[in-house]
Amino acid sequence: MSLRLGELLIEKRRITRTQLQEASAFREANGGDLGNALVHLGFLPPEEIAALRGAQYGVRSIDLARFEIEPAVLELIPADTARRHRIVPLRRSGATLTVVMTDPRNVTALDDVRFRTGCTVEPLVASEAAVEAAIARYYDGGSGAVEGKGAGGGGGALDVTVREMEALGGGSEGVQAEEDGHEIELVAKGEARGQAPAVRLINGVLTSAVQLGASDVHVEPYEKELRIRFRIDGVLHPVMTPPLRMRDAITSRLKVMARLDIAERRVPQDGRIRIRFPAGGSTKSIDLRVSVLPTLFGEKIVLRLLDKAHLMLDMTQLGFEEASLRRFTRNILKPWGMVLVTGPTGSGKTNTLYSSIARLNTPDTNIVTAEDPVEFNLDGVNQVQIREAIGLSFASVLRAFLRQDPNVILVGEIRDVETAEIAVKAALTGHLVLSTLHTNDAPSAVSRLLNMGIEPFLIAGSVNLICAQRLVRRVCRDCSAPVAASPESLVDMGFSEADARSVTPSRGRGCDACNGTGYKGRIGLYEVLEVTDGLRERILAGGAARPLRSAAVEEGMLTLRQSGLRKIAGGVTSIDEVTRETLR
């Protein structure tokens with residue numbers, strides 16, 4: 001039925017029009033709803049009001065006092081939730097949870113229970129007095145086993161999971177997230193037991209990821225399991241496998257936090273979350289870039305943690321060899337031309353570019369950047385977020401930059417010929433242009449530009465330097481130990497015979513400081529190709545990568561492998577890491 005309660009009661013001749021007006025006046029004066037007013041004035045018994053509400057909304061009414069509720073079912077809804085929504089769990093059958101409530105119109109209550117338990121919720125109606133009596137009887141002021149359990153009838157797996165997360169992260173007190181311009185609490189240990197299971201789980205995961213220094217969190221649904229992995233120092237580590245029934249609740253929670261469409265599960269989505277938590281007596285903020293991808297068994301979510309504390313702006317600490325750093329610094333200090341940083345995703349290109357910007361950022365310099373996305377906010381730098389959907393592309397932003405009187409232009413990535421042409425034009429007309437390309441080594445960047453359709457004479461005239469880079473894991477200083485390696489194997493890697501006899505590689509044994517991996521932190525390998533007059537002539541002649549590489553090495557360029565060999569000799573990284581990331 002769709003009639004309002006008052007009209008329904010008059011139609012059934014249970015009250016008169018005068019009684020309805022009296023109850024309405026009582027409700028306006030004292031608050032509450034019409035049904036409670038009718039009960040308070042003695043016009044109808046509470047059980048009849050509950051039955052009529054059920055009939056009005058197509059929900060069955062029951063006498064709650066006749067049922068005995070099992071403790072395992074009560075554990076599914078915390079006491080504070082039951083009191084706030086005036087709702088009591090009655091029974092669970094498979095993935096369906098039957099609840100008793102006073103107002104079946106309370107969609108917020110139903111959504112809250114559905115989100116907390118991961119169950120399909122079937123509502124029943126009882127009188128307000130019956131529900132309040134049941135809450136007082138079963139929850140007994142909120143003590144006992146009712147509070148603090150997760151979904152799934154006892155919450156054992158989830159409780160173990162949360163404890164594991166806290167053990168990894170050393171606790172998660174006071175973490176908060178910004179949502180729609182205000183802060184919401186993510187985790188507070190003393191209150192975690194009153195939160196939804198998915199919320200508690202995500203709190204623990206995010207806190208542990210931050211404290212372990214993870215760069216990415218992967219939430220991956222499969223046919224029979226849900227897996228969460230952290231990428232730490234460039235390597236993925238399995239962390240936990242939550243119950244598969246929590247998949248949709250976890251996905252929905254993360255999408256809500258990132259302000260994404262939780263109803264859209266067919267197309268990829270991207271969003272952002274900001275979390276705040278106390279650190280060393282102050283408040284620390286970290287941005288999370290969220291990517292949602294529809295897969296066969298659900299939506300895979302990857303969270304990229306953008307911790308500004310990990311952004312190393314001191315170029316001397318990035319891993320450049322002394323000669324390579326001199327070349328790089330000399331070219332970013334030139335008033336015009338182009339400096340390109342190349343490498344695969346996750347190789348540290350953004351950090352190198354931001355370090356360059358920090359070196360150039362002075363009050364008399366106008367720096368503008370076009371990025372997709374803007375990963376970190378830099379004071380004194382005008383940063384523009386690319387939005388392809390509305391036509392704000394790299395090419396269109398670059399055109400606008402040329403009318404903004406810039407000294408330095410940073411282009412997040414040269415993806416197409418139009419962007420490349422405008423960047424080259426800017427470099428040739430008195431601007432310093434910094435950008436990235438996806439190539440395997442420095443000489444290949446020239447071939448890439450040629451393949452895009454840029455003329456050789458434009459490349460030769462605009463490009464000042466190309467830097468290729470990789471990131472390798474540092475050997476843990478706390479458990480570093482020498483390892484045996486034959487001179488022959490070292491020669492095969494690229495060491496000279498003399499160096500092979502004197503070099504002693506290192507590797508970490510594994511300790512608490514490095515979580516047993518033997519590695520802690522990362523450092524860059526750099527291949528810095530400075531475009532000299534001799535190399536310009538080769539570019540004008542066609543710029544094939546192999547002869548260009550040979551000529552650059554003759555002029556003193558260290559290759560990525562040679563940069564790695566020097567770090568092996570210095571005990572900074574291991575043979576395995578250099579072999580994994582470079583070719584001889």
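The notes below deal with the structure included here. (Residues numbered from 1 in each chain as written. Predicted model: local features only at pLDDT ≥ 70, side-chain atom pairs only at ≥ 80, totals over all residues. Heavy atoms only, no water.)

## Observations concerning the nonpolar core
For clarity, the cut-off: In plain words, nonpolar cores are sets of buried Ala, Val, Leu, Ile, Met, Phe, Trp, Tyr and Cys residues tied together by side-chain atoms within 4.5 Å. Exposure classes here rest on a 1.4 Å probe applied to the protein chains alone. A residue is buried below 20% of its type maximum, exposed above 50%, and partly exposed in between. Runs of H or I in DSSP of at least four residues are treated as helices and runs of E of at least two as strands, each being numbered from the N terminus. Any two residues whose heavy atoms approach within 4.5 Å are treated as being in contact.
Ranked by size, the top nonpolar core spans 44 residues in total, and within it Met338, Leu340, Ile414, Leu449, Val463, Ile466 and Leu529 carry the most contacts. It is helix 15 (residues 417-428) that provides the largest number of residues to this core, a total of six residues. Contacts of Ile466, omitting those with residues within four sequence positions, involve Leu340, Thr342, Ala442, Ala445, Val446, Glu527, Val528 and Leu529. If you look at the next biggest cluster of nonpolar residues, it comprises 33 residues, including Ala198, Leu206, Met257 and Phe277.

## So, the packing of helix 16 (residues 443-452) against helix 21 (residues 545-554)
To keep things clear, this is the line we draw: Axis definition: a line fit to C-alpha positions, over the contact stretch in the case of helices; interaxial angles, taken between N-to-C directions, run 0 to 180 degrees. Two helices that cross are described as forming a left-handed crossing if the nearer one is turned anticlockwise from the farther one by less than a right angle, and a right-handed crossing if clockwise. In the scheme used here, Gly and all other residues not listed as nonpolar or charged are polar, with Ala, Val, Leu, Ile, Met, Phe, Trp, Tyr, Cys and Pro taken as nonpolar and Asp, Glu, Lys and Arg as charged.
The N-to-C vectors of helix 16 and helix 21 enclose an angle of 145 degrees; their axes lie 8 Å apart at closest approach. The chirality of how helix 16 crosses helix 21 is right-handed. Taken together, the residues of helix 21 that come into contact with helix 16 (itself represented by Pro443, Ser444, Val446 and Ser447) are Ala545, Leu548 and Arg549. Residue classes in the contact of helix 16 with helix 21 are distributed as four nonpolar, two polar and one charged.

## Section: the pattern of salt bridges
Note the following rule: Note on definitions: salt bridges are taken to be side-chain nitrogens of Lys or Arg within 4 Å of carboxyl oxygens of Asp or Glu.
Here the structure, examined in full by the defined rule, presents 28 salt bridges. Here Glu220 makes a salt bridge to Arg227, at a shortest N to O gap of 2.9 Å. Residue classification places Glu220 among the buried positions, given a relative accessible area of 3%. A salt bridge links Arg330 to Glu530; the nearest nitrogen and oxygen atoms lie 2.8 Å apart. Note that Arg330 is positioned in helix 12 (residues 322-332) and Glu530 in strand 20 (residues 519-530), a separation of 200 residues in sequence.

## With respect to the packing of aromatic side chains
In plain terms, the rule: Working definition: a ring pair exists when centres of Phe, Tyr or Trp rings (six-membered ring for Trp) sit within 6.5 Å. Plane angles under 30 degrees give stacked, over 60 give edge-to-face, the rest tilted. Our definition puts a charge over a ring when NZ of Lys or CZ of Arg is within 6 Å of the ring centre and also within 35 degrees of the ring normal.
Inspection of every chain in the model, using the stated rule, returns three aromatic pairs. On the basis of an interplanar angle of 40 degrees and a centroid distance of 5.2 Å, the ring pair of Phe320 and Phe328 is categorised as tilted. Judged by relative accessible area, Phe328 falls into the buried class, the value being 0%. Look at Phe320 and Tyr526: their rings are 3.8 Å apart centre to centre, the planes differ by 20 degrees, and that puts the pair in the stacked class. You can see Phe320 sitting in the loop between strand 11 (298-306) and helix 12 and its partner Tyr526 sitting in strand 20, a full 206 residues away along the chain. Tyr526 gets classed as buried once you look at its relative accessible area, which sits at 2%. Sitting over the ring of Tyr519, Arg473 keeps its end group 4.0 Å from the ring centre.

## Re helix 7 (residues 107-117)
What counts is decided by this rule: The arc in question is formed by the directions pointing from the helix axis toward the C-beta atoms.
Within the span of helix 7, buried status applies to Ala109, Leu110, Asp112, Val113, Arg116 and Thr117. Across the axial projection of helix 7, the buried residues extend over an arc of 160 degrees, all falling on one side. Tucked inside the fold, the buried residues of helix 7 contact helix 6 (79-85), strand 1 (87-93), strand 2 (96-101), strand 3 (120-125) and helix 10 (197-212). Looking one or two places after helix 7, you find Gly118, whose phi comes out positive at around 75 degrees.

## Some thoughts on the sheet that holds strand 1
Convention followed: Note on pairing: DSSP must find at least two bridges between two strands before they are called paired.
The strand order 1-2-3 describes an open sheet built from three strands, whose pairing is mixed. At either end of the open sheet lies a strand with only one pairing partner, and these are strand 1 and strand 3. Strand-to-strand twist in this sheet, taken as the mean axis angle between neighbours without regard to direction, amounts to 25 degrees. Note that strand 1 and strand 2 share six bridges and pair antiparallel. Directly across from Arg92, in strand 2, lies its bridge partner Leu97. Those strands touched by helix 7 are strand 1, strand 2 and strand 3, and its axis lies near 145 degrees from that of strand 2. Along the sheet face, helix 8 (residues 128-139) touches strand 1 and strand 2 and points at about 75 degrees away from the line of strand 1.

## What to know about helix 13 (residues 349-360)
Our working rule: Any helix carries an expected span of 1.5 Å times its number of residues minus one.
A rise of 1.5 Å per residue sets the reference length of helix 13, with its 12 residues, at 16 Å; its end C-alpha atoms lie 17 Å apart and thus fit the reference within 8%. Taking burial as the measure, the 12 residues of helix 13 include nine buried ones, the bulk of the element. Within the sequence span of helix 13, burial applies to Lys349, Asn351, Thr352, Leu353, Tyr354, Ser355, Ser356, Ile357 and Leu360.

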